Structures are given as C-alpha cells and as structure tokens.
Amino acid sequence: MLEYLARRIATVVPTLVLVSMLIFALQQLLPGDPAKILAGEEQDPTVIAYLHQKLHLDEPLPVRYAYWVGGVLRGDLGESVRNQQPVRELVLQKLPVTLELGLMAFAIALVIGVPAGVVAAVGRGTAWDHLANLFALWGLSTPNFWLGIMLILLFSVQLGWLPASGYVSPFDDLGANLAAMIMPAFVLGNAIAAVLMRHTRSAMLQVLAADYVRTARAKGLSERTVVIKHALRNALTPVITLGALELGTLLSGAVLTEQVFTIPGFGKLIIDAVFNRDYSVVQGVVLVTATVYILLNLLADLAYFAVNPRLR
Amino acid sequence: MKLTSRTLWPALLLAASPLFASAQTLRVGLAEDPDVLDPTLARTFVGRVVFSALCDKLFDVDEKLAIVPQLATAYEWSADNKVLTLKLRPGVTFQDGEKFDAAAVKFNIERHKTMQGSNRRGELAPVTGVEVVDPMTVKLNLSAPFSPLLAQLADRAGMMVSPKAAQAAGDKFGTHPVCSGPFKFAERVAQDRIVLERYPQYWNNAAIHFDKIIYTPIPDATVRLANLRSGQLDFIERVAPSDMAKIKSEKKFKTAQITEIGYQGLTLNVGKSDKAKETPLGRDPRVREALELSLDRQGLVQVVMDGEATPGNQWVAPSNSYYARNMPIPKRDVAKAKALLKEAGVPNPSFTLLAATTADAQRLALVVQAMAREAGFDVKIQTTEFATSLNMADKGDFEAYILAWSGRADPDGNLYSFDACKQPLNYAGYCDADTDKLLKQSRELREPAERKKVYEQVAARVLKERPIIYLYHRNWLWAFNPKLTGVRNIPDGLLRVTGLKMGS
C-alpha cells in the first residue's frame, strides 16, 4: 500500500507542472489585449504602454511563464492589477469561503443523494423509487442560477427569513454565516445529490442482486443489516469515485452560484478576473483550484482503501 | 409569545442578518466591484461612486452640471486664460490629520501628472506647472488655454489625497487610501464590501448624518433589487430598466431617474482601417445617413430601455446647455433612407454590427437590425465579450460597433477624444482638419455662450459625417429606502453623501 501511495503522490507533481503550463497557455488564448481592458475608459496610450511593460506583455511566452512560475515557487502569486491586492491574499481570503460552500453543498448532496438512492433501490418500482427518480430528474434539469433566484425571491423577498446574498465569516457570527450559506449550498448540492442518487441506486441494485447478499439474507440477517452493512458498503466504492469527480462540478458550479448569491469566493473572483483580464488573479486562482482538485482526488483514492479491504 | 421552532427560526436568522445593523450605517448596492481606490490610477465609473464619499475634489458639479466649490472656494482665470488661480478652503485636514494646503494641491496635481500608470495625465495634459502662491492660494500654469480644466478638477483629477500617506504607500496607496472626504477608508474585501467610516474632523461635518457606509458590489440587478427589498441594502444604483415600472407602482421605495451625461451610440468605422473603404457604410456618408434615418430613437428607447432613456443625436443630451439646436434629432424617414441608398447605388447594403455580450447591447443590436432592414439594410450581428470587442474596435476590425460612454461633465470629455484625429477613443477613425481646429478652439474659449457657438459648428460637421450615430442617453436608475432623504440627482450618476439622512 505504501508503494502505491508513494507512486500516487509522485504523479501529483508532474500533473501540477502540466496544469500550470496549461493554465498559462490557455489564458493567452483569451482574445483582447489585457492592458487595454485594464486601462479603463480613458484608454490613455501611456497607461497601456506602462501596463505592457509592468505585465511583461511584450516578452515571449516562455519568458512570461518563467516570470510567473518563478514567483509561484517563491510563494508569490503576483498582484491583482485591478485593485492592487496580492493574489495570495485574495486566495487566502476567498478559498475558505468556497471550501465552506463546497463542503456544505457536498454534505447536503450526500445527506439527500445517498439515502434517496438506497431507498429507491430497496423499494425498486414502488412509489418511493418513482419519487426519488422524479427528484433526480428535477435536480439535474434545474439550472443553478434559476433555482438560486427563485429561492432568493421566496426566502428573502417574500418570507424575509434569509439574507438575499452576501457572506459573513463563521468566526464572526456562525448563525449569520449559516443563514447566508444555506441557500447557495442547497442550490449547489441539489444537482450533485441527483447524480449521487442515480449512481447509488444503480450500484445498490447491482449489489443487492449479488450472491453474497442472498447468502446474508439466507443466514437470517435482518434486512437493515443486509442493506446497510453488506450492500451499501460495497455499493459505495463507485459512489466515492463519482463524488470525487463531482468535486469538479462543485467547483465549477460554485462559480455560478457565487455569482447569483454574491458570495465573495473563488467563483466570483475568477469570473471578475477573466472579464477584467486580470491575468495574475486568473492564473493564481486556477492554479490553486487545480491543486485543490488534484489533492481531493488523491484523498478519494485513499478513501477507497478505507471502504474496500481488497485494495489494501 | 411562545417561542416555537417556527417563530424562533426566522427570528434567529433575522437577528443574525445585517438587517438590524445600526440606523447610522448606509448600505449601498453597487453594480460592480470598483477597481483600485487611488484617484490617480482609478479607471472605472463605479470607483467614482465610492470616491464621492471618500475623496473631496477641488470642485464639484451640481444638478445642472455647474461647477461649484468644494476644496477650492474660488477661482480666477488670467486674461490670456493660461493661468488658473485657486483659493483653497481653510481648516481642511486629510483623514490622517495632515493639513490640506497649496503644497498638497501641488503634490497631488504633480502626482496625477507623473505617477506611472496615471489615468489623469491626459486630463491634465495642458497643465505645465503648479505654483504655491501662499498656503491657501495656488496657481496652475497651462501651456494653452483649456476651459475643460475646471470640470476635470471636479472629477478624479481634482481629488486630493494626503501627500504624507501617498508618499509612504507609494503605488500601493490604493489599498489604503487617505483623502479629505467625509468618510475615511476602513476596510475592503474584494468583491464583498468596501467599508468607510465617518471622518469626524471633516470640514463640512454638520452635513454628514451617517457613521459608516458599506458598499456591496452585487452585479446581478435582480439580486441587487432583492437585497433592497429584503432590507439588507438602503440604496441601489443601476436598477434594471425593466424593474423600474414595478418598483414605482409598488410605492415601497423611492426612486430617482436622472438623464446621464454619457450616451449610447453606434460607432461606425469611417477611417480607422482599410475596412472603412471596403464597405458602403464606411465609404459613403449617404449610406450612414440612410442608416440613421432608418432608426426610430423613441422606439429604441421604448424597446431596449423600457422607456428609461432620452432620445438624443449628440454627445450631450438635448437638455444640456451645450446641445447644438441647429442639429435637431432627425425623424425616422424610411422612404428618404431608401432614396439615399438608391442614390448611393447600394439599395441593399450589408454590414456587421459588433455588440458586446451585455443584455443592453444585445437588445439594441436586434432592434437596430430590425429597423434598418425596413430601409433595405442587411445587418449581421457579431457578438463578442467586451474586452474582445474593444480590441477589435481599436484595430479597426469592425464596421459598426455598439459602444456607450459614461460621460464627463464638460462636453469636451464626450467629444474630443472621440472626434479629434488620432485620439485614443476615436475608434471610428474620423479625422478632419477643420473639426480639429474647432475642437481646439472650443477648449480655448472660456465663455459658455462662445463655446456653444463653436460646438454648433462642430455638430454641423461631425453629425453629417457620422463617425458615431448617437442614439439615446440612458437614465441613471436608483431605488432606495423611503426614509432616506437628501438624495441629489446629479447627472454624473454618483451618489453624494453630504446631506444624506435616514429618517426614523
């Protein structure tokens, strides 16, 4: 296992290098001169020339990449040209927000998706199954931003229960934090819950038809023990893979959700940075996001060991 | 009352939300996150909204766009219009306690002119030097007469920052600005909030009735409005025109509709690149006239802006004192447009209309397409994201481009950079020696009546060549808490905090 682990971790480094190159190269494909958009309404030619020099825009691509990576290795992600804040500061400010949103959304997805999948599989063909399928269909086909605005209209404008948007740190005020995060986390978790439900259901159906489950039943074990202890545990392996893959959805979904609920997280940061051609912010944020994604996938791989003894 | 979970839950949430923030806090919803908060480097409209509470200027403009005193109490031009003498307001301090005086003005003007990346350099180009006459008097020497200077000093170029703080912070000053406005900088979390706190030693402290202002950028107009409705905000700018009728009919909020000093228009490539010569639209003024005649501005305003704009055909709105009455808004005349196209030998000219992805630009493009079709135009719409469209415009890689301008108080700010030869915003590529002469002359004249005469001549030339077909002037749409009083409708669209008060 240690060998596997070491091999697995060793792949992380080249992946990150590749990712950093990709991020840098892809960004160059963005049309338009970043200095022009950063120069604002006035379009003063001296300002544009100054920005070109400041951002090394006239240097060849590999040189610019070297500037950036050199900084990254020293822990310097650069500085936002738009508002002068260091990118590292922005990342540290926003990362916990998006992580909280993502974790809450994933927790909501798990709490809804997995039990719904189990219930649907166990009660296959019953009203429960249809209900769960209906929910999944709804979750998959409802656009994030629309659901978000509908929830705001209901819970904030009509009922006045929840703040319409914004963010409060949980360390400042936990209640206000939860009130601000519950709607966006639900919106984000909702679609993933649907996917998890569908996969849990099909994995469970497969496992429930397996011989060992029949054996377990024949031994006279209670249905509860059979379903939870014997079936679900095995059915969870593909669900974990899927969960890890859905983390990507989570991170990209966060972009839209944060926009709707005006949550100052990674998503909003990156959208604004792309439109403002704030290159150092885009690069820094995407790099950190990719790193988080890669690490979470690593964690998911490790989680296989926990649930599947055969891999140990 | 028994506290059941049903009553407790919302009660807890309410208590936890900023709904019950102190009544002395003004919470403002902005349509975008401002850029750097350094008046020298700043470049966005939305940043100016925050500056109007943070940084006082030498002058301000009033509801009629007249120049009024702020940090300068009086001014005097020399006989040759090349020296502007300013009398400064005594007893003013910066938010770090430093004194505001003539030396500070000198420092600031020089900073605007010399700092790397300064966006003010162009606005202050004719200023060659600043002389401190005495602690409360300062002279600005100009290379040539430049009447728009007062208006420049009533905007970011006239904003005064603390020399001591600016020297200490260098190019990072924008992360912790220190000015002399009624509110001082407290905190900024990018894309989340900008918090300003009252500066108790402000020179006009009696007119300030809030302790704190929180600016929250909320780009989505629907969500911004939802925040106002749920009581999380007291004031929102740039309400979606389509929401305005409903807000007014509900009577729950006060609203303001102010005709902007900018405009929405179609920039036509008449000489920016070879493309201008390749198309009838760029080549032949008759085709451009036909395009203008095919458009019904009132219809555009109704359909695109839900009526929340004023039709116009010039760089200033018809209500502006500099509007050239000799060139009124042409009425839609499809028959004449068709005749012109026939005369030009192109009864069905086609062109591509470049439009950014914003909802307004998209709607405008569609309506222009439909209206122009009736006169025989075949309009193709090309949609790109704003940064790309700007780049294409700059390269001259377009035939027609939907571009709005946020406007400046002096007409020169809406005109010179767009219509004088080789200016940075002259995307149309219009260049005419006589127009250039007139534009320069308008800058040298001081009397508004005389300038207006020159602008009438400019209008007679430029509006016939049509580098830009001006369409309408949008309304600044604000909605706010009905208890809020003292909101001033100043056409630059910036909320002034002096005199603002929250009633009980």
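Structure first, text after, so check above.
Please read all numbers here as calculations on a predicted model, not as lab measurements. (Residues numbered from 1 in each chain as written. Chains lettered and ligands numbered in written order. Predicted model: local features only at pLDDT ≥ 70, side-chain atom pairs only at ≥ 80, totals over all residues. Heavy atoms only, no water.)

## A look at the overall build of chain B
This is how it is decided: Here a strand is any run of E in DSSP of at least two residues, a helix any run of H or I of at least four, and the numbering for each starts at the N terminus. Only C-alpha atoms enter the radius of gyration, while the globule expectation follows 2.2 Å times N to the 0.38, with N the number of residues. For every residue, the accessible area obtained with a 1.4 Å probe (protein chains only) is divided by the maximum for its type, and the residue is called buried under 20%, exposed over 50%, and partly exposed between those limits.
Along chain B, the regular secondary structure elements total 17 helices and 20 strands. Here the C-alpha radius of gyration of chain B, 24 Å, is about what a compact globule of 504 residues would show, namely 23 Å. By its C-alpha atoms, chain B is 75 × 70 × 35 Å across when sized along the principal axes. A buried classification covers 59% of the 504 residues belonging to chain B.

## Quick look at the sheet that holds strand β4 (residues 72-77) of chain B
Residue and element names in this part refer to chain B. Convention followed: Strands are labelled as partners when DSSP assigns at least two bridges between them. Angular values range over 0 to 180 degrees, each being the angle between N-to-C directions of two axes fitted as lines to C-alpha atoms, with helices fitted over their stretch in contact. Note on definitions: a residue-residue contact is assigned when non-hydrogen atoms from the two residues lie within 4.5 Å.
In space, the four strands of this open sheet follow the order β4-β5-β7-β6, with antiparallel pairing throughout. A strand with exactly one partner marks an edge of an open sheet, and here the two such strands are β4 and β6 (127-134). Adjacent strand axes in the sheet meet at a mean angle of 20°, parallel and antiparallel pairs treated alike. Sheet contacts for helix α3 (residues 102-114): β5 (83-88), β6 and β7 (137-142); angle to β6, the most-contacted strand, approximately 170°.

## Looking at the interface of chain A and chain B
Selection criterion: What counts as buried area is the accessible surface, traced by a 1.4 Å probe, that two parts surrender upon association, with contributions from both included. Put simply, a salt bridge is a Lys or Arg side-chain nitrogen that is within 4 Å of an Asp or Glu carboxyl oxygen. Two N or O atoms form a polar contact when they lie within 3.5 Å of each other; inside protein one atom must be a possible hydrogen donor and the other a possible acceptor, and for residues adjacent in sequence the pair counts only when both atoms belong to side chains. Gly falls in the polar group here, along with every residue not listed as nonpolar (Ala, Val, Leu, Ile, Met, Phe, Trp, Tyr, Cys, Pro) or charged (Asp, Glu, Lys, Arg).
Taken together, the contact between chain A and chain B spans 50 residues of the former and 55 residues of the latter. Between chain A and chain B, roughly 4300 Å² of surface is buried when both sides are summed, and carbon and sulfur atoms account for 54% of that area. Taken together, the links from chain A to chain B amount to seven salt bridges. Put simply, chain A and chain B have 18 residue pairs in polar contact (both at pLDDT 80 or more) between them. Taken together, the elements giving at least two residues each to the side of chain A that touches chain B come down to α2 (34-38), α3 (45-54), α5 (87-122), α7 (144-158), α8 (174-208), α10 (223-261) and α11 (266-275) of chain A. Looking at the side of chain A that touches chain B residue by residue, the class counts come to 23 nonpolar, 15 polar and 12 charged.

## Looking at the nonpolar core
The line we're drawing: In this description, a nonpolar core means a group of buried Ala, Val, Leu, Ile, Met, Phe, Trp, Tyr and Cys residues linked to one another through side-chain atoms lying within 4.5 Å.
By size, the foremost hydrophobic cluster in this structure holds 82 residues, and its most contacted members are B:Leu266, B:Trp315 and B:Phe377. If one sorts the elements of this core by residue count, helix α13 (residues 359-375) of chain B sits on top with eight residues. Not counting the four nearest positions on each side in its chain, B:Phe377 is found in contact with B:Val287, B:Ala290, B:Leu291, B:Leu341, B:Pro349, B:Phe351 and B:Ala372. Membership of the second largest hydrophobic core comes to 45 residues, among which are A:Met181, A:Val239, A:Val260 and B:Ile218.

## Some thoughts on α10(A)
All names here are of chain A. Test applied: What a helix is expected to span follows from its residue count: subtract one and scale by 1.5 Å. Here the bend at a residue is taken as the angle between two axes, fitted respectively to the seven residues that end there and the seven that start there.
When the terminal C-alpha atoms of α10 are compared, their 43 Å separation across 39 residues is substantially less than the 57 Å that a helix rising 1.5 Å per residue should span. Approximately 45° is the largest bend angle found in α10, and it occurs at Leu232. Downstream of α10 by one or two residues, Thr262 has phi in the positive range, about 50°.

## Overview of the packing of aromatic side chains
Residues and elements named next belong to chain B. Put simply, the rule reads: Between 30 and 60 degrees the pair is tilted, below 30 it is stacked and above 60 it is edge-to-face, where a pair is any two Phe, Tyr or Trp rings, Trp via its six-membered ring, whose centres lie within 6.5 Å.
Within the structure shown, the criterion is met by 17 aromatic pairs over all chains. Ring plane angle 80° and centroid distance 5.9 Å describe the contact between Phe94 and Phe100, whose orientation is recorded as edge-to-face. Among the residues examined, Phe100 registers a relative accessible area of 1% and is labelled buried. Relative to Tyr401, the ring of Phe398 lies with its centre 6.0 Å away and its plane at 65°, an arrangement referred to as edge-to-face. Taken together through their ring pairs, the aromatic side chains of Tyr263, Trp315, Trp405, Phe418 and Tyr470 make up a single cluster.

## A few points about the environment of A:Tyr279
All names here are of chain A. Within the secondary structure layout, Tyr279 lies in helix α12 (residues 279-307). Once the C-alpha coordinates of Tyr279 and Leu61 are considered, the two residues, 218 residues apart in sequence, prove to be 13 Å apart. If we skip the residues at most four places from it in the chain, Tyr279 touches Gln27, Gln28, Leu30, Gly32, Pro34 and Arg64.

## Some details on the state of the cysteines
Residues and elements named next belong to chain B. We count it as follows: A pair of sulfur atoms, both from cysteines and within 2.5 Å, is called a disulfide here.
A full pass over the atoms with the stated rule returns two disulfides over all chains. Between the sulfur of Cys55 and that of Cys179 lies a disulfide, 2.0 Å long from S to S. An S-S torsion of about 50° defines the bridge between Cys55 and Cys179 as right-handed. Placement of the pair is Cys55 in the loop between α2 (45-54) and β2 (59-61) and Cys179 in the loop between α5 (163-169) and β8 (183-189), with a sequence separation of 124 residues. We classify Cys55 as buried; its relative accessible area is 1%. Judged by its relative accessible area of 0%, Cys179 falls in the buried class. In this model, Cys421 is linked to Cys431 through a disulfide, with the two sulfur atoms separated by 1.9 Å.

## Describing a nonpolar patch on the surface
Residue and element names in this part refer to chain A. Put simply, the rule is: Surface patches are drawn from residues lacking salt bridges whose relative accessible area is over 30%; two like charges belong together within 9 Å, two nonpolar side chains (Val, Leu, Ile, Met, Phe, Trp, Tyr) within 5 Å. Accessible surface is estimated by sampling points in the Shrake-Rupley manner with a 1.4 Å probe; for residues, cover comes only from the protein chains shown.
Residues Phe145, Trp146, Met150, Leu153 and Leu256 make up a contiguous nonpolar surface patch of roughly 440 Å² in combined accessible area. Among the elements that take part in the nonpolar patch, α7 stands out by supplying four residues, more than any other. As for its placement among the helices and strands, Phe145 is situated in helix α7.

## Considering the pattern of salt bridges
In this structure the tally under the stated criterion is 49 salt bridges over all chains. Here A:Arg201 and A:Asp129 are joined by a salt bridge, their closest N and O atoms 2.8 Å apart. One end of the pair, A:Arg201, is in helix α8; the other, A:Asp129, is in helix α6 (residues 127-141), with 72 residues separating them in the sequence. When sorted by exposure, A:Arg201 lands in the same class as A:Asp129, which is buried. Of the charged contacts in the structure, one is a salt bridge between B:Arg198 and B:Asp211, with a shortest N-O distance of 3.7 Å. Of the two residues, B:Arg198 sits in strand β9 (residues 193-198) while B:Asp211 sits in the loop between β9 and β10 (212-217), which places them 13 residues apart along the sequence. Accessibility expressed as a relative area gives 24% for B:Arg198, which makes it partly exposed. By relative accessible area, B:Asp211 is classed as partly exposed at 39%.

## Overview of the side chain of B:Asp234
All names here are of chain B. Locating Asp234 in the fold gives a position in the loop between α6 (221-229) and β11 (235-236). A distance of 2.7 Å separates a polar atom in the side chain of Asp234 from a polar atom in the side chain of Arg27. Sequence-distant contacts of Asp234, that is, excluding residues within four places in its chain, are made with Thr25, Leu26, Arg27, Leu228, Ala479, Phe480, Asn481, Leu484 and Met502.

## Brief notes about the side chain of B:Asp432
Residues and elements named next belong to chain B. With respect to the element layout, Asp432 can be found in the loop between α15 (412-419) and α16 (433-444). There is a polar contact of 2.6 Å between the side chain of Asp432 and the side chain of Thr435. Here Arg461 takes part through its side chain, which lies 3.0 Å from a polar atom of the side chain of Asp432. With residues up to four places along the chain from it excluded, the contact list for Asp432 reads Cys421 and Arg461.

## What to know about the pairing of strand β18 (residues 468-480) of chain B
Note on strand geometry: in a regular strand, side chains alternate between the two faces of the sheet. All names here are of chain B. Burial analysis of β18 places 13 of its 13 residues in the buried class, which makes it a mostly covered element. In this structure, β11 lies alongside β18, joined through two bridges in antiparallel fashion. When the bridges of β18 are listed, Phe235 appears paired with Phe480. Of the pairings in the sheet, the one linking strand β12 (residues 254-259) to β18 comprises six bridges and is antiparallel in character. Looking at β18, one finds that Gln257 is bridged to Leu477. Note: strand β14 (residues 309-311) against β18, three bridges, orientation antiparallel. Paired with Thr310 across the bridge in β18 is His473.

## Let's talk about α15(B)
Residue and element names in this part refer to chain B. In terms of residue burial, α15 counts as a mostly covered element, since seven of its eight residues are buried. Of the residues making up α15, those classed as buried are Asp412, Asn414, Leu415, Tyr416, Ser417, Phe418 and Asp419. Elements that come into contact with the buried residues of α15 comprise β13 (263-268), β17 (400-405), α16, α17 (448-465) and β18.

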